[in-house]
2 protein chains.
Amino acid sequence: MYNGKKISLAVIRRLPRYYRYLSDLIISGAKRISSKELSERMGITASQIRQDLNCFGGFGQQGYGYNIESLFAEIANILGVNKKFNTIIIGAGNMGQALANYENFVKRGFNLSGIFDVDPELFGKRIKDIVIMDYNKIEEFFRLNQVDIAILTIPYEYTREIADKVARLGVRGIWNFSPMDLKLPYDVEIENVHLSDSLMVLGYKLSSRGNR
Amino acid sequence: MYNGKKISLAVIRRLPRYYRYLSDLIISGAKRISSKELSERMGITASQIRQDLNCFGGFGQQGYGYNIESLFAEIANILGVNKKFNTIIIGAGNMGQALANYENFVKRGFNLSGIFDVDPELFGKRIKDIVIMDYNKIEEFFRLNQVDIAILTIPYEYTREIADKVARLGVRGIWNFSPMDLKLPYDVEIENVHLSDSLMVLGYKLSSRGNR
C-alpha cells in the first residue's frame, strides 16, 4: 500500500501509462500479470517496472505477478484520478476546441466549466455544453466560480501575461500548450506540453534507421 | 562527437528538451554552460545531464562546462532536425487544423504536403497553403507524392483501419493522436501522443500538495 512517501516525478510521469495499460487489462478480464508480460506489452524493461511499482509498495509476489485491480486502484489513488478539478480553457481556437471536445478529459476528473476567448464572433457559441465567454470578463467568472486549472491554448506572445493573470486570480494549476517553458513566481503547478518534442522523437526514429 | 553508438530511447526522449533550452541560450548570446546551470534551468539533476550528454561524447570539460553551440549542433544532428520529412494530416477537425497551423512544425523539418478528411464540406478549404482533400482519393495522392509521415487526428474507431492503410501505402512514420497505443504489423515507426497523460501529472501535482 502506498505509504505517502514521496515518489519521484520521473516515476509519476510513467504512471498514466501504467494506468492506461492496466485499465485495458481489466476490461479484457485479466486478473494478474507478471512484470515480464507487462514489460512486453508496454515496451518498458521488466526491471524498470518492478522498480517503479516498488516505489509505492510491494504488490508483486514472486511467481504470482501483480494483482491488476489493486495495482490499478493504487495508481488511480496516487494520481488523484478520483479527485475533481474545475477547469477552464483560455483560447477557443482550434486547439482549445479540440481539447474541449476531448472525451478522456471528463473521464479523468477534469470538469470543464468555461471557455474564454477575445474574439467577439465566438462569444455565445457552444462547445458541448459550455458556452464561449469574453476573456475580458474572466475576473467576474473567478469571483463566482472556483477554478482549479486553466488550460492555455493561446498564441505564444500572450501566454506569460494571461498565465500571470489566472495565477493571481487563484488557479492552482496551468496546462500550457504554448511552445514555452512557462514559469511563474507564484505557487502554481505548471505542465508545459511540447507537442513538437514527440514529433522530433519520431523524426529521430526515422532518420536513425536510414532510408529504405 | 557522436560515434553512431545506439542511444537509449529514454535519453532520446529528453533531447528535444535540451534542444529547446540550448536554442534559447544561443539566442540569449551565451557561449558555455555548466551542467549545474543547465540543471537549474531545466529542472533535471546535473548528474542526469552529464550522464545523458556523455552518451554521445564528451563535450563538457571539467570547470569549463559545455560549449553551447557544439552541443546544440550535435543534438540537432542526432535528432535529424536537418532532415526533411513530407508529412500529411488525416483528419481536418479541430486537432488536425490546430496542428496544420502549428509553427514549430515546419521549423523542425516537417513539410506539410496534404490534409485529408471525409467531410465534403471541408474539401477545397485551405489551411495555410494546403488544401483539404478527399480521404477517398488518398491512394492517388500517394502515387504522385512521397509521404514520409502521416499524422492521425481522427476518431478512435477509425484509427486502426486508417493507420493500416497508410502503412500499406508506404509511410515510414505515424504520429497518432487517438487515445490508443497503436501498434502495427509493419515496419512503421509510431509515436502515440497521449495528451491526458500530462494532464494526469498535473492532477497529481495538485492533489499531492493538498488543498490550500
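Residues numbered from 1 in each chain as written. Chains lettered and ligands numbered in written order. Predicted model: local features only at pLDDT ≥ 70, side-chain atom pairs only at ≥ 80, totals over all residues. Heavy atoms only, no water.

(A) Main features of the relation of the copies chain B and chain A. The transform that puts chain B on chain A rotates by 180° and translates by 0.0 Å along the axis, for an RMSD of 0.0 Å. One copy is carried onto the other by what is essentially a two-fold rotation axis. Minimal C-alpha distance to the rotation axis in chain B is attained by Asn94(B), lying at 2.3 Å. Mapped onto chain A, 100% of the interface residues of chain B again fall at the interface, so both copies present the same surface. (Least-squares fit on C-alpha atoms with pLDDT ≥ 70 in both. Contact = heavy atoms within 4.5 Å.)

(B) A look at helix α1 (residues 9–27) of chain B. Residues and elements named next belong to chain B. In a regular helix each residue adds 1.5 Å, so 19 residues correspond to 27 Å; α1 covers 28 Å between its end C-alpha atoms and thus fits that length. Of all the bends in α1, the greatest, near 25°, is centred on Leu 15, and the proline Pro 16 appears no more than four residues after it. Residues of α1 that are buried: Val 11, Ile 12, Leu 15, Pro 16, Tyr 18, Tyr 19, Arg 20, Tyr 21, Leu 22 and Leu 25. Looking at the residues trailing α1, positive phi occurs at Gly 29, about 90°. (Helix = DSSP H or I, 4+ residues; strand = E, 2+ residues; numbered from the N terminus. Expected span 1.5 Å × (residues − 1). Bend = angle between axes of the 7 residues up to and from the residue. Buried < 20%, exposed > 50% of the residue type's maximum accessible area, 1.4 Å probe, protein only.)

(C) Representation of the confidence of the model for chain A within the structure. Taken residue by residue, chain A gives an average pLDDT of 88. The fraction at 70 or more is 93%. Two summary scores accompany this predicted model of the complex, namely pTM at 0.87 and ipTM at 0.87. (pLDDT = per-residue confidence, 0-100.)

(D) Seen up close, the sheet that holds strand β7 (residues 149–152) of chain A. Residues and elements named next belong to chain A. One open sheet holds the seven strands; their spatial order is β5-β6-β4-β3-β7-β8-β9, and the pairing between them is mixed. Each edge of the sheet is formed by a strand with only one pairing partner; in this case those strands are β5 (126–127) and β9 (189–192). As paired elements, strand β3 (residues 85–90) and strand β4 (residues 110–117) share six bridges and run parallel to each other. Bridged to Ile 90 within β4 is Phe 116. Contacts from helix α8 (residues 156–169) reach β3, β7 and β8 (173–176), with the element oriented near 170° to β7. (Pairing = 2+ DSSP bridges. Axes fitted to C-alpha atoms, helices over the stretch in contact; angles between N-to-C directions.)

(E) Just the side chain of Asp117(B), in detail. Note on placement: Asp117(B) falls in strand β4 (residues 110–117). One polar contact links the side chain of Asp117(B) to the main-chain amide nitrogen of Ala92(B), over a distance of 2.6 Å. (Polar contact = N/O pair within 3.5 Å; in protein donor to acceptor, adjacent residues only side chain to side chain.)

(F) Local environment of the sheet that holds strand β6 (residues 130–134) of chain B. Spatial ordering of the open sheet is given by β5-β6-β4-β3-β7-β8-β9 (chain B), a layout of seven strands whose pairing is mixed. Unpaired on one side and paired on the other, β5 (126–127) and β9 (189–192) of chain B mark the two borders of the sheet. Here β4(B) pairs with β6(B) via three bridges, running parallel. In the strand pairing of β6(B), Phe116(B) is matched with Met133(B). Where helix α9 (residues 195–208) of chain A meets the sheet, it contacts β3 (85–90), β4, β7 (149–152), β8 (173–176) and β9 of chain B, and its direction lies at approximately 165° from that of β9(B).

(G) Expanded view of the interface of chain B and chain A. With 63 residues of chain B in contact, the opposing surface of chain A contributes 63 residues. Together, the buried faces of chain B and chain A total about 5,900 Å²; carbon and sulfur atoms form 59% of this surface. Connecting chain B to chain A are six salt bridges. For Asp181(B), the salt bridge identified is with Arg20(A), shortest N-O distance 2.6 Å. Connecting chain B to chain A are 20 residue pairs in polar contact (both at pLDDT 80 or more). Residue assignment for the side of chain B that touches chain A shows that the elements contributing at least two residues are α1, α4 (68–79), α5 (94–100), α6 (103–107), β8, β9 and α9 (195–208) of chain B. Per-element accounting of the side of chain B that touches chain A gives the leading share, 13 residues, to α9(B). Classifying every residue of the side of chain B that touches chain A by side-chain character gives 32 nonpolar, 14 polar and 17 charged. (Buried area = accessible area lost by both parts, 1.4 Å probe. Salt bridge = Lys/Arg side-chain N within 4 Å of Asp/Glu carboxyl O. Nonpolar A, V, L, I, M, F, W, Y, C, P; charged D, E, K, R; others polar.)

(H) Main features of the pairing of β3(A). Residue and element names in this part refer to chain A. For β3, the buried fraction is high: five of the six residues fall into the buried class. In this structure, β3 lies alongside β7, joined through four bridges in parallel fashion. Among the inter-strand pairings, Thr 87 is bridged to a residue of β7, identified as Ile 149.

(I) Summary view of the packing of aromatic side chains. All names here are of chain B. Per the stated rule, a full pass over the model turns up 11 aromatic pairs over all chains. Ring geometry for Tyr 102 versus Phe 105: centroids 6.5 Å apart, planes at 85°, classification edge-to-face. Classification of Phe 105 by relative accessible area gives buried; the value is 2%. Ring centres of Trp 175 and Phe 177 lie 4.8 Å apart, and the angle between their planes is 80°; this geometry places the pair in the edge-to-face category. An identical accessibility class is assigned to Trp 175 and Phe 177; each is buried. Aromatic rings pair up to connect Phe 85, Tyr 102, Phe 105, Phe 110, Trp 175 and Phe 177 into one cluster. (Phe/Tyr/Trp six-rings, centres within 6.5 Å; stacked < 30°, edge-to-face > 60°.)

(J) Inspection of the nonpolar core at higher detail. Of all hydrophobic cores here, the largest spans 50 residues; its most connected members are Ile115(A), Trp175(A), Leu195(A), Ile115(B), Trp175(B) and Leu195(B). Excluding residues within four positions of it along the chain, Trp175(A) makes contact with Leu99(A), Phe105(A), Ala150(A), Ile151(A), Leu152(A), Glu191(A), Val193(A), Leu195(B), Ser198(B), Leu199(B) and Leu202(B). (Core = buried A, V, L, I, M, F, W, Y, C linked by side-chain atoms within 4.5 Å.)

(K) Representation of the packing of helix α1 (residues 9–27) of chain A against helix α2 (residues 35–42) of chain A in the model. Residue and element names in this part refer to chain A. It is the contact of α1 with α2, at a shortest axis distance of 11 Å, that shows an interaxial angle of 105°. Taken as axis vectors, α1 and α2 run roughly perpendicular relative to one another. Taking contact as the criterion, the partners of Arg 17, Tyr 18, Tyr 21 and Leu 25 in α1 are, on α2, Leu 38, Arg 41 and Met 42. Here the contact of α1 with α2 is built from residues that sort into five nonpolar, no polar and two charged. (Parallel < 35°, antiparallel > 145°, perpendicular 65-115°, else oblique.)

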